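Architecture at a glance
Chain residues, written in single-letter form:
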Amino acid sequence: MAPTPVHTNDYYSDSVAPSSQPVHDTKIRDVSLYQFFAPGGVLSRKHPAYEFRRGQLQMAQAVERALEEKRHLIVEAGTGTGKTLAYLVPVIRSGKRVIISTGTKNLQEQLFHKDIPFLEHALYPNGEGKLKVCYMKGRNNYLCRKKLYDLTDQPVLSGLEEIEHYRTIAAWEKVTQSGDKAELAALPEASALWHKLDARSDTCLGQNCSAWERCFITAMHRRAMESDIIIVNHHLFFADLSIKQQAEYAPDAGILPEVGAVIFDEAHELEDVAGSYFGVSVSNARFEELCRDVEVSLQRNHMLSASMSGALKSVRERALFFFALLPLGDGRFAFENRRGFMEENGDEFLGLQQSLTRLGSELENLPSKPEEVFNFARRAQELQVQLGFLMESEDCNTVFWIERRRGDRDKPRVFLQATPIDVAPILKTCLFDKLECAVLASATLAVGGSFEYMRQRLGLEHARETVLPSHFDYEKQALFYVPPDLPDPRAPQFAAKAADRIRRLLEVSRGRAFVLFTSYAQMNDVYQRLLGEMEFPMLLQGDAPKTALLEEFRLTPHAVLFATSSFWQGVDVQGEQLSCVIIDRLPFAVPSDPVVAARVKFIDADGGNAFFQYQVPAAVITLKQGFGRLIRSLHDRGLLVLLDNRILKKAYGKVFVESLPAYRRTTDMKQVEEFFRTD
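Below you will find a few notes about this structure. (Residues numbered from 1 in each chain as written. Predicted model: local features only at pLDDT ≥ 70, side-chain atom pairs only at ≥ 80, totals over all residues. Heavy atoms only, no water.)

1. Focus on the nonpolar core
Put simply, the test is: Here, nonpolar core refers to any group of buried Ala, Val, Leu, Ile, Met, Phe, Trp, Tyr and Cys residues whose side-chain atoms link them within 4.5 Å. When accessible area is computed with a 1.4 Å probe and restricted to protein chains, residues below 20% of their type maximum are described as buried, those above 50% as exposed, and intermediate ones as partly exposed.
In terms of nonpolar packing, the biggest core is built from 86 residues, with Met 136, Phe 237, Phe 238, Phe 264, Leu 440, Phe 514 and Phe 627 touching the most fellow members. Within the second largest apolar cluster, 44 residues are counted, among which are Leu 67, Ala 77, Leu 111 and Ile 263.

2. Considerations on the sheet that holds strand β14 (residues 478–481)
Our working rule: Should DSSP find at least two bridges between two strands, the strands are taken to pair. Helix and strand assignments come from DSSP, with helices taken as H or I runs of at least 4 residues and strands as E runs of at least 2, each series counted from the N terminus. The convention used is that axes are lines fitted to C-alpha atoms, helices contributing only their stretch in contact, and that angles between N-to-C directions extend from 0 to 180 degrees. The contact criterion used is simple: two residues touch if any of their non-hydrogen atoms lie within 4.5 Å.
If you walk across this open sheet you meet the seven strands as β16-β17-β15-β18-β19-β14-β20, and the pairing is parallel. For this open sheet the edge positions go to β16 (538–540) and β20 (664–666), each flanked by a neighbour on one side alone. Each adjacent strand pair in this sheet contributes to an overall mean axis angle of 15 degrees, direction not counted. Note: strand β15 (residues 513–516) against strand β17 (residues 560–563), four bridges, orientation parallel. Bridging from a neighbouring strand, Val 515 pairs with Phe 562 of β17. Lying on the sheet, helix α21 (residues 546–555) is in contact with β15, β16 and β17; it crosses β16 at an angle near 165 degrees.

3. Considering the sheet that holds strand β9 (residues 332–334)
Ordered in space as β8-β11-β10-β9, the four strands form an open sheet in which the pairing is antiparallel. What marks the edges here is a single partner per strand, and that holds for β8 (280–283) and β9. When strand polarity is set aside, the average angle formed by the axes of neighbouring strands in this sheet is 25 degrees. As paired elements, strand β10 (residues 398–406) and strand β11 (residues 412–420) share nine bridges and run antiparallel to each other. Paired with Glu 403 across the strands is Phe 415, a residue of β11.

4. Comments concerning helix α23 (residues 610–627)
What counts is decided by this rule: Expected helix span is computed as 1.5 Å times (number of residues minus one). Axes are fitted to the seven residues ending at a residue and to the seven starting at it; the angle between these axes is taken as the bend at that residue. Nitrogen and oxygen atoms within 3.5 Å of one another constitute a polar contact, given that in protein one can donate a hydrogen and the other can accept it, and given that sequence-neighbouring residues count only through two side-chain atoms.
Between its terminal C-alpha atoms α23 stretches 25 Å, which fits the 26 Å expected from 18 residues at 1.5 Å a residue. The largest bend along α23 reaches roughly 25 degrees and is located at Val 616, with the proline Pro 617 sitting one to four residues downstream. Counting buried residues along α23, 13 of its 18 residues qualify, which places the element largely inside the surrounding structure. Measuring from the backbone nitrogen of Phe 611 back to the side-chain oxygen at the start of α23 gives 3.1 Å, which picks out Asn 609 as the cap.

5. Some points on unusual backbone geometry
We note that Lys 70 has phi near 55 degrees; this positive angle belongs to a residue other than glycine. One non-glycine residue with positive phi stands out, namely His 302, at about 55 degrees. With respect to the helices, strands and loops of the structure, His 302 is situated in the loop between α12 (284–300) and α13 (306–325).

6. Topic: the side chain of Glu 362
Definition in use: Counted as positive: Lys and Arg. Counted as negative: Asp and Glu, with His and the chain ends omitted from the count. The working definition used for a salt bridge is a side-chain nitrogen of Lys or Arg within 4 Å of a carboxyl oxygen of Asp or Glu.
Relative to the elements of secondary structure, Glu 362 occurs in helix α14 (residues 338–364). No salt bridge is formed by the buried Glu 362. Its closest oppositely charged neighbour is Arg 358, at 4.7 Å. For Glu 362, the side chain forms a polar contact with the side chain of Ser 307, separated by 3.2 Å. Ignoring sequence-local partners within four residues, the contact set of Glu 362 consists of Ser 307, Met 308 and Ala 311.

7. Notes on the packing of helix α19 (residues 494–509) against helix α26 (residues 669–677)
A packed helix pair is summarised by two numbers, namely the angle formed by the two axes and the spacing between the axes. Our working rule: In what follows, roughly perpendicular refers to angles from 65 to 115 degrees, roughly parallel to angles under 35, roughly antiparallel to angles over 145, and oblique to any angle outside these ranges. Gly is placed with the polar residues, together with every amino acid not listed as nonpolar (Ala, Val, Leu, Ile, Met, Phe, Trp, Tyr, Cys and Pro) or charged (Asp, Glu, Lys and Arg).
In the contact formed by α19 and α26, the axes pass within 9 Å of each other and the chain directions differ by 25 degrees. If you check the angle between α19 and α26, you find them roughly parallel. In contact with Arg 504, Leu 505, Val 508 and Ser 509 of α19, α26 contributes Met 669, Val 672, Glu 673 and Phe 676. In terms of residue class, the contact of α19 with α26 is built from five nonpolar, one polar and two charged.

8. Digging into helix α3 (residues 54–69)
For α3, built from 16 residues, the straight-helix expectation of 22 Å at 1.5 Å per residue is met to within 8% by its first-to-last C-alpha distance of 23 Å. Listing the buried residues of α3 in full gives Gly 55, Gln 56, Leu 57, Met 59, Ala 60, Ala 62, Val 63, Glu 64, Ala 66 and Leu 67. Phi turns positive one or two residues past the end of α3, at Lys 70, with a value near 55 degrees.

9. A few points about the packing of helix α22 (residues 594–605) against α23
Convention followed: We call a crossing left-handed when the near helix sits turned anticlockwise from the far one by less than a right angle, and right-handed when that turn is clockwise.
Following both chains from N to C, one finds α22 and α23 inclined at 150 degrees, their axes separated by 9 Å at the closest point. Between α22 and α23, the interaxial angle falls into the category roughly antiparallel. Note on packing geometry: the crossing formed by α22 with α23 is right-handed. Here α22 contributes Val 596, Arg 599, Val 600, Ile 603 and Asp 604 to the contact with α23, which in turn contributes Ala 610, Gln 613, Tyr 614 and Gln 615.

This is how it looks when you write it as structure tokens:
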């Protein structure tokens with residue numbers, strides 16, 4: 001029998017033969033956490049920039065205790081704590097198989113390519129042991145080999161650009177070990193061809209696929225089964241959990257294995273991500289994709305009959321008509337009058353449902369069906385069930401809403417959505433009651449030193465809690481300025497006055513700033529007012545991809561970046577290049593957003609106070625995230641500005657102030673100028 005090959009690629013680190021259960025070297029258990037993290041310990045000898053961080057040791061001890069006691073833990077560890085090592089070391093010592101779920105791809109890559117290799121070298125300097133680790137992304141990041149081979153046999157490509165992209169992908173498929181499109185630097189982010197070739201679950205044939213053994217998703221699943229530590233992101237984790245819930249936890253459901261614990265890093269994002277995966281979404285594009293996939297498959301197999309073409313034509317026409325009848329509106333808005341809509345347009349809804357039934361029957365009646373036909377029938381039925389729920393359900397814990405987006409080639413994409421208003425009972429039942437141990441960690445989880453808000457929003461009961469002291473000296477490193485004389489941000493004159501104050505602040509800081517906004521409209525307004533009036537290079541979100549803008553900011557002396565929500569978190573610029581963060585207003589969620597409005601109504605109807613129980617705490621956490629961009633190391637120094645003086649004037653402002661780190665605070669512009677004179 002041939003020896004089991006060693007697995008080595010960019011997504012899997014393993015030097016021993018795979019097994020179905022985790023295998024651990026016992027050496028790390030001989031070293032206590034204190035001996036690892038304390039001065040003179042393992043970390044101090046191995047890390048070139050070692051500093052003893054009391055919070056890091058305290059967090060590691062709290063995580064180890066939670067793992068041993070099989071109890072949940074919620075921990076706020078500020079920037080600079082070194083929280084990744086603080087949970088990785090106890091995880092390795094525990095001997096359990098553990099999933100680590102992160103909020104961003106950047107953190108996934110940092111864990112796998114930086115933190116894990118460092119720990120491996122620190123723990124096994126002579127190579128006498130190895131950690132078995134893999135990291136996984138969502139299925140649409142991976143190539144489906146069967147789709148590529150089918151396209152090779154019968155290309156359906158539109159335009160020279162797609163043909164060029166196809167050649168690039170086909171050449172890469174022969175050499176890639178992972179199938180992850182991140183390796184394809186030459187392929188544009190918005191490639192229309194990739195969507196036709198990715199490994200989305202709605203087109204997957206599973207074990208019935210002819211390319212099953214060589215499938216990148218199959219390989220990813222095997223790697224996960226053979227690993228002790230599986231690094232995923234929140235989207236993949238909750239997509240997988242949702243699939244398992246729908247399949248009633250059947251043993252072969254989902255791709256993530258059973259584990260002893262889950263570490264949620266950047267856990268402040270859990271409610272929003274979980275809500276999106278425990279909801280239902282149907283778009284006009286899904287109908288078009290189903291018809292296109294059926295057509296392509298049956299043409300390739302010479303099975304496209306006149307009656308099948310008629311059924312497909314009916315689905316397309318009915319879907320086009322139905323989605324055109326939906327209420328008009330921009331962006332996201334509540335679908336409040338579903339009952340009235342159904343009374344007026346019920347026949348069109350039934351017509352669309354019947355067209356799906358007809359398509360399902362046509363697929364069912366095909367003789368000697370190729371395997372994918374069963375998948376098409378399942379998709380048609382799934383669309384029927386989900387559309388029925390969206391239009392007819394009276395579930396009181398669900399908000400129904402519509403979103404309109406621009407699609408490829410400016411085709412409008414219309415989404416019918418249903419989102420749980422309160423995810424807490426779902427998470428309690430599906431996640432926390434089923435897990436031995438969940439660790440929720442982030443730099444921003446507490447409000448006024450309490451975790452009550454997070455516990456209520458997530459359904460987390462009987463958890464240990466700890467807020468760790470920061471490693472940074474915020475009082476010396478940061479000055480927090482609130483101008484007392486600006487108008488209320490809701491007043492019409494605010495934008496002009498804010499632009500004047502931002503100009504003055506940027507002159508004092510010599511650029512080197514993020515100016516963060518709560519809306520695109522406000523960002524563009526202020527940017528246009530300052531354009532041509534500042535001597536500093538001005539960068540605007542939307543003019544280039546996020547990573548390109550960040551790189552340009554880092555490399556351009558005295559640059560100023562104007563940005564919105566996606567730059568409020570997960571962005572790390574160390575050093576004096578970023579010396580000022582200006583935020584336009586307290587980041588309350590848009591009250592007209594359908595999900596926010598439904599949650600406010602739900603809490604108030606239940607006898608609570610949604611403003612203080614939900615809107616203020618959510619805004620506190622967002623503000624902490626935004627300000628967290630500034631101080632990223634012990635050597636960073638800078639100015640934080642909030643142009644919204646409601647934080648000083650309103651009673652609720654005290655909650656914000658008490659939740660922020662102990663920055664030195666001022667309302668005097670002269671102190672700001674003095675701060676930069678000593679810079």
